[in-house]
Amino acid sequence: MRSPHKLDRLLRPKSVALVGASPKDGSVGRGMITSTGMPGTPCKIYFVNPGYDEIDGQKCYKSLKDLPEVVDLAVLGIANARLEAALDEVIACGIGAVTVFASGYVENDTEPKLTERIAAKARANGIAICGGNCMGFYHLDYGLRVCGFPPPAWIRKGNVAFITHSGSAFSALCHTDRRFGFSLAVSAGQELATDVAQYMDFALEIPATKVIGLFLETVRDPAGFKESLATAQAKGVPVVALKVGRTAESAALAVSHSGAVAGNHAAYQALFEHYGVIEVANMDELVNALHLFSSERKLAAGGLATMHDSGGFRELVMDLGIEIGVPFAQISEATRDKLAARLDYGLEPINPLDAWGTGNDWEAIFEDCLQALVDDPDTALASFCVEARDGYYLSAGYADVLRRVAQRTRKPVFYTTNLGSNANLDLTTKLAHDGVPVLSGVASMLSVVKKAMAERDRAALGVDPAMQAPQGLRAKWQLRLATGDLSEAEALDLLADYGVSVVPHLFAESEAEALKAAEQVGYPIVLKTAMSGILHKSDVGGVKLNLVDAEAVKAAYADLAARLGPRALVMPMAGKGTEISFGMTHDAQFGPVVMIGAGGVLIEMMKDRRFVLPPFGAKMARWQIDKLSLRPLLDGKRGAKPADVAALARAFAAFSTMVADLEGLVSEIDVNPLIVNERGLVAVDALIVGRTGH
């Protein structure tokens, strides 16, 4: 027995009123009638428009209050100027849900704006709203379609739930791609009262939903969104997200478009990875990822196997795969023997495989070769990459090969067209409906496969408990952090308290103290200004490196004291190694986010960094380190010894524990550089900004 859901009156109504229903072809009012009147609609539909007594032979009511019952849902296909009065009538009638197509933007609007007034009234009266500025929704698992621009007749029920802030993305997937089948599709628009998290929660209660796609401008309920992502992860329902507003310029457009605050994309990256979300970069990847995951098959261990009917395209896929970073399955000698036994003379039994020879017995050869590739222990998933054409015997045969091979394995097996514009055919549509995904364009396919493999590998880490924060440390530092930024020495002491190794350091407020400290820590030394208020010492010439004797210390100290002040910090040179950086920022939506990346002067030049939600254990820390572009440097280059990567992973995990333990007290941390070598690592410099101080 299905439990009631708070969005039932919106997405699963028993009765619907179409306000603004119209007989005029091409109008939103006619579109509402057409979409809700499609076969299978399970609820009572009423027309409301004071300008008509009847439409298409059905009675048309003058107002909502004239209806014979209190409907669950009022669909407002009316102009912006009439929206507020219509919502007031909705409230007066006790109607629980509304769909708003119009934008809610009017000239010479007063404060608060119309959209704000509508949102406030809806919240105060417990009314769910789809929109405004939306296309509507299709709850195909229920049989209801609500849209001012009716869908094509071929739209069908399936296992994909799609929730989007973009009406054009809604139309692109629902109205043009015949391969898809949807359990639920929602054009959320401005989310005046109902947001993505609530739609996700509803979708996850539909048994047919096996994958969720998101086109996001923002997240208005971060806590609810995280809860829905956690539910999807627990249920094993993959989530694929395309987040726009990734650049500052695009984020500004999001504000003007729908009032959305795009947020810090680094935080979204960390959030998505934490909950196993497949983040894609464009619409092609979004569509391909949804098709791949709609098969409900999990990636096995290993790499990608591909089969082709062209040597040139086989080489192209190999080039693209290596450039993108997709591992190809390293097929066994036994698999190569099977391939060699079936291939025509001159064809190489390798992966990727070109299996087209003379054309003799081609269908059986392709089937046997694809089966051999799929059965190889190192094959995680397999694709037949070939062009498609309706009414062509080769294309029909290729599709049949895929159907038969897919029936004999639980690994993902799918069709990929070489061109991105060639998948929406009768042949590929039928193949997709038969349960064999059809992806468009090999470059996009490879990118999606790489992301799917990364999530598979992340999930394989299993339980990775974070380190426990030492008792009492938060209380120890709380009062100091409340007074403002820490000095460099204090920042290093704080790191050391939480288990991150730091360079030894001593204060000096005179030349004599500087000389004594240098003797204690050992030459060569570094002398830094320790005057308060100077956060970026290098910018003001406040760092003196590689001072090898007392005379050098005297000269360096005299310069710093004269220009910046007498207080200085003395520490030994850290030695050679790879420079790494740790960082932390506090995101307004999702809280603290930690970073690891290239350090020293490379931090800005390389843009080589990973963002993670804290806290996490050493396994996740190591996994993040292994994803860095600079990772090969840690293995030792040009005679250097391999660095202690395990120590770096432990330090990054400890840093994440520190950040989590100090949540609410710190707004920013910059540890740069940490020197990593064969002996371990040491943090050389640190900046910690108190949350209350800024």
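Everything quoted here is computed from the prediction, not taken from an experiment.

**What to know about the overall build of the protein**
Okay, step 1: Scanning the protein from N- to C-terminus turns up 23 helices and 29 strands.
Okay, step 2: Seen through its C-alpha atoms, the protein measures out along the principal axes to roughly 100 × 80 × 45 Å.
Okay, step 3: Long-range pairs, those at least 24 residues apart, make up 71% of the contacts in the protein between residues at least 6 apart in sequence.
Okay, step 4: Each charge class in the protein can be summarised by its mean position, and for the 68 positive and 80 negative side chains these summaries are 3 Å apart.

**Quick look at helix α19 (residues 511-521)**
Okay, step 1: Where α19 is concerned, the buried positions are Ala-514, Leu-515, Ala-517 and Ala-518. Down the axis of α19, the buried set is contained in an arc of 165°. They therefore lie on one face. Counted as exposed and oriented over 90 degrees from the buried face of α19: Ala-512, Lys-516, Glu-519 and Gln-520.
Okay, step 2: Each element contacted by the buried residues of α19 is listed here: β20 (506-508), β21 (525-529), α20 (550-563) and β23 (568-572).

**Some details on the sheet that holds strand β2 (residues 44-48)**
Okay, step 1: Taken in spatial order, the seven strands make up an open sheet running β3-β4-β2-β1-β5-β6-β7, and their pairing is mixed. Among the strands making up the open sheet, the edge pair consists of β3 (54-55) and β7 (128-131).
Okay, step 2: Relative to strand β4 (residues 58-61), β3 runs antiparallel, the two sharing two bridges. Across the sheet, residue Glu-54 finds its bridge partner in β4, namely Lys-59.
Okay, step 3: In this fold helix α2 (residues 28-36) packs onto β1 (15-19), β2, β3 and β5 (73-76), with an angle of close to 160° to the strand it touches most, β1.

**Remarks on the packing of aromatic side chains**
Okay, step 1: Scanning all chains against the criterion turns up 16 aromatic pairs.
Okay, step 2: Between the aromatic rings of Tyr-138 and Phe-170, the centroid separation amounts to 5.0 Å while the plane-to-plane angle is 40°, which identifies the pairing as tilted. Of this pair, Tyr-138 sits in strand β8 (residues 136-139) while Phe-170 sits in helix α5 (residues 167-176); the two residues are 32 residues apart in sequence, bridging distant segments of the chain. For the pair Tyr-138 and Phe-170, one class covers both residues: buried.
Okay, step 3: Connected via pairs of aromatic rings, a cluster forms that spans Trp-356, Trp-362, Phe-366, Phe-384, Tyr-392, Tyr-393, Tyr-398 and Tyr-415.
Okay, step 4: Geometry around Tyr-392 places Arg-389 over its ring, the cationic atom sitting 3.8 Å from the centre.

**Considerations on the nonpolar core**
Okay, step 1: Judged by nonpolar contacts, the single largest core of 59 residues is most densely connected at Leu-495, Phe-582, Phe-652, Phe-655, Met-658, Ile-669 and Val-671.
Okay, step 2: The element that contributes the greatest number of residues to this core is helix α23 (residues 645-661), accounting for eleven residues.
Okay, step 3: Counting 57 residues, the second-largest nonpolar core is a separate cluster that includes Ala-21, Phe-101, Ala-161 and Ile-212.

**Considerations on the side chain of His-505**
Okay, step 1: Along the chain, His-505 falls in the loop between α18 (488-497) and β20.
Okay, step 2: In this structure the side chain of His-505 is engaged in a polar contact, spanning 2.9 Å, whose partner is the side chain of Asp-493.
Okay, step 3: Of the polar contacts made by the side chain of His-505, one reaches the backbone oxygen of Val-503; its length is 2.8 Å.
Okay, step 4: Setting aside residues up to four positions removed in sequence, His-505 forms contacts with Ala-489, Leu-492, Asp-493, Leu-569, Val-570 and Met-571.

**Structural notes on unusual backbone geometry**
Okay, step 1: In this chain, Glu-111 is followed by Pro-112 through a cis amide linkage whose omega measures -10°.
Okay, step 2: For Pro-112, the location among the structural elements is in the loop between β6 (97-100) and α4 (114-125).
Okay, step 3: In the segment running from Tyr-523 into Pro-524, the intervening peptide bond is cis, with an omega of -5°.
Okay, step 4: Residue placement: Pro-524 occurs in the loop between α19 and β21.
Okay, step 5: Notably, Glu-191 is not glycine yet its phi reads approximately 50°, a positive angle.

**Some details on the sheet that holds β23**
Okay, step 1: Spatially, the four strands line up as an open sheet ordered β20-β23-β21-β22, and their pairing is antiparallel. The sheet is open, and its two borders are formed by β20 and β22 (543-547), each paired with just one other strand. Within this sheet the neighbouring strands show an average axis-to-axis angle of 25°, counted without direction.
Okay, step 2: In the sheet, β20 pairs with β23 via three bridges, with the strands oriented antiparallel. Bridge pairing in β23 places Phe-507 opposite Leu-569.

**Thoughts on the pairing of β8**
Okay, step 1: Alternating residues of β8 divide into Gly-136 and Tyr-138 and Phe-137 and His-139, and every residue in both groups is buried.
Okay, step 2: Relative to strand β9 (residues 144-147), β8 runs antiparallel, the two being bridged by four bridges. Of the residues in β9, the one forming a bridge with Gly-136 is Cys-147.
Okay, step 3: Count of turn residues in the β8/β9 antiparallel hairpin: four residues, of which Gly-143 carries a positive phi of about 105°.

**Points about the side chain of Asp-72**
Okay, step 1: Mapped onto the elements, Asp-72 comes out in the loop between β4 and β5.
Okay, step 2: Separated by 3.3 Å, the side chains of Asp-72 and Arg-9 make a polar contact.
Okay, step 3: Only 2.8 Å separates the side chain of Asp-72 from the backbone nitrogen of Lys-14, close enough to count as a polar contact.
Okay, step 4: Not counting residues up to four positions away in its chain, the partners in contact with Asp-72 are Arg-9, Pro-13, Lys-14, Ser-15, Ile-95, Gly-96 and Ala-97.

**Some details on the pairing of strand β15 (residues 303-308)**
The side chains of a regular strand alternate, residue by residue, between the two faces of the sheet.
Okay, step 1: Burial within β15 is extensive, with six of its six residues counted as buried.
Okay, step 2: As judged from the six bridges shared by β15 and strand β17 (residues 379-385), these two strands associate in the parallel manner. The residue bridging Met-307 from the neighbouring strand is Phe-384, located in β17.
Okay, step 3: As paired elements, β15 and strand β16 (residues 353-354) share two bridges and run parallel to each other. Across the sheet, His-308 pairs through a bridge with Asp-354, a residue of β16.

**Let's talk about the confidence of the model for the protein**
Okay, step 1: For the protein, the mean per-residue pLDDT works out to 94, and 96% of the residues sit at or above 70.
Okay, step 2: pLDDT under 50 marks residues 255-262. Its contacts with residues more than four places away, or in other chains, come to 26 contacts.

**Some points on the pattern of salt bridges**
Okay, step 1: Summed over all chains, the structure comprises 39 salt bridges.
Okay, step 2: Among the ionic pairs, Glu-84 bridges to Lys-121, the shortest N-O distance being 3.0 Å. Of this pair, Glu-84 sits in helix α3 (residues 83-93) while Lys-121 is found in helix α4, placing the two residues 37 residues apart along the sequence.
Okay, step 3: Assessed through its relative accessible area of 25%, Lys-121 is described here as partly exposed.

**Section: the environment of Lys-210**
Okay, step 1: When you line up the elements, Lys-210 lands in the loop between α6 (196-203) and β12 (211-216).
Okay, step 2: What makes Lys-210 partly exposed here is its relative accessible area of 32%.
Okay, step 3: Counting along the chain gives 28 residues from Lys-210 to Phe-182, while the straight-line C-alpha distance between them is 9.9 Å.
Okay, step 4: Dropping the residues within four chain positions of it, Lys-210 is found in contact with Asn-159, Val-237, Pro-238 and Glu-296.

Analysis parameters
Residues numbered from 1 in each chain as written. Predicted model: local features only at pLDDT ≥ 70, side-chain atom pairs only at ≥ 80, totals over all residues. Heavy atoms only, no water. Helix = DSSP H or I, 4+ residues; strand = E, 2+ residues; numbered from the N terminus. Contact = heavy atoms within 4.5 Å. Lys, Arg positive; Asp, Glu negative; His and termini not counted. Charge placed at Lys NZ, Arg CZ, Asp CG, Glu CD. Buried < 20%, exposed > 50% of the residue type's maximum accessible area, 1.4 Å probe, protein only. Arc of directions from axis to C-beta. Pairing = 2+ DSSP bridges. Axes fitted to C-alpha atoms, helices over the stretch in contact; angles between N-to-C directions. Phe/Tyr/Trp six-rings, centres within 6.5 Å; stacked < 30°, edge-to-face > 60°. Lys NZ or Arg CZ within 6 Å of the ring centre and 35° of its normal. Core = buried A, V, L, I, M, F, W, Y, C linked by side-chain atoms within 4.5 Å. Polar contact = N/O pair within 3.5 Å; in protein donor to acceptor, adjacent residues only side chain to side chain. pLDDT = per-residue confidence, 0-100. Salt bridge = Lys/Arg side-chain N within 4 Å of Asp/Glu carboxyl O.

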